[in-house]
Amino acid sequence: MIEDIKKRALHRTKIIEGQLRGIEKMIENEDYCVDIITLSLAVQKSLASLNKLLVENHLRTHVSHQYEAGGEERDAAVAELVRIFELSNNRS
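Since the model is a prediction, treat every value here as computed from it, not as a measurement.

Visitor: Give me the lowdown on the side chain of Q66, citing residues and values where you can.
Guide: Position of Q66 relative to the elements: it lies in helix α2 (residues 33-69). Under the relative-accessibility criterion, Q66 is labelled buried at 14%. Among all residues touching Q66, those that are not within four sequence positions of it are E73, R74, A76, A77 and E80.

Visitor: Hey, could you go over the packing of helix α1 (residues 3-28) against α2 for me, with residue numbers and the actual values?
Guide: It is at 9 Å that the axes of α1 and α2 come closest, and there the two elements cross at 160°. Taken together, the axes of α1 and α2 lie roughly antiparallel to each other. Pair α1 / α2 crosses with left-handed handedness. Partitioning the contact of α1 with α2 into residue classes produces 15 nonpolar, 7 polar and 5 charged.

Visitor: An account of α2 is requested, with residue identities and associated values reported.
Guide: Helix length check: α2, at 37 residues, gives a terminal C-alpha distance of 52 Å against a target of 54 Å (1.5 Å per residue), a fit within 8%. Turning to α2, its buried residues are I36, V43, S46, L50, L53, N57, T61, V63 and Q66. Residues of α2 that are buried in the fold lie against α1 and α3 (71-90). Note on α2: the residue one or two positions beyond its end, G70, has a positive phi of about 75°.

Visitor: Any chance you could break down the nonpolar core for me, citing the residues and the numbers?
Guide: Grouped together as the largest cluster of nonpolar side chains are 9 residues: I5, A9, I16, I23, M26, I36, V43, L50 and L53. At the level of secondary structure, the elements contributing two or more residues to this core comprise α1 and α2. Among the elements that make up this core, the one with the highest residue count is α1 (5 residues). Residue contacts for L53: discarding those within four places in its chain leaves I5, R8 and A9.

Visitor: Lay out the layout of surface pockets with the relevant residues and their values.
Guide: Of the voids in this model, the largest pocket is the one considered here, and its volume is about 290 Å³. At the level of secondary structure, the elements contributing two or more residues to the lining of the largest pocket comprise α2 and α3. Of the residues forming the lining of the largest pocket, the biggest block, 7 residues, is contributed by α2.

Basis of the calculations
Residues numbered from 1 in each chain as written. Predicted model: local features only at pLDDT ≥ 70, side-chain atom pairs only at ≥ 80, totals over all residues. Heavy atoms only, no water. Helix = DSSP H or I, 4+ residues; strand = E, 2+ residues; numbered from the N terminus. Buried < 20%, exposed > 50% of the residue type's maximum accessible area, 1.4 Å probe, protein only. Contact = heavy atoms within 4.5 Å. Axes fitted to C-alpha atoms, helices over the stretch in contact; angles between N-to-C directions. Parallel < 35°, antiparallel > 145°, perpendicular 65-115°, else oblique. Left-handed = near helix turned anticlockwise from the far one by under 90°. Nonpolar A, V, L, I, M, F, W, Y, C, P; charged D, E, K, R; others polar. Expected span 1.5 Å × (residues − 1). Core = buried A, V, L, I, M, F, W, Y, C linked by side-chain atoms within 4.5 Å. 1 Å grid on protein atoms, 1.4 Å probe; cavity = no way out; pocket = protein on both sides within 12 Å on 5 of 7 lines; lining within 4 Å. Points joined across faces, edges and corners; volume = space filled by probe spheres on them.

If you want it as structure tokens, here you go:
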């Protein structure tokens, strides 16, 4: 992994971890539902931010090498990216 992206991704996971603990505590305390939903939506945004970092790292490292190699490796890179695109569009 690219060191800067790794550092940022790990920081993002710590934030997400804290947010999830917060949601758990709010549910245990029977906090107002809209407040819980608001934090849940913030977690989803944080996960999207983490995914963006991971995709950036993958493009800058693995995919660039696969494209340089050409042939089957290039085809595999394209297939991976299409699969990730499909997964991101199928979530709800």
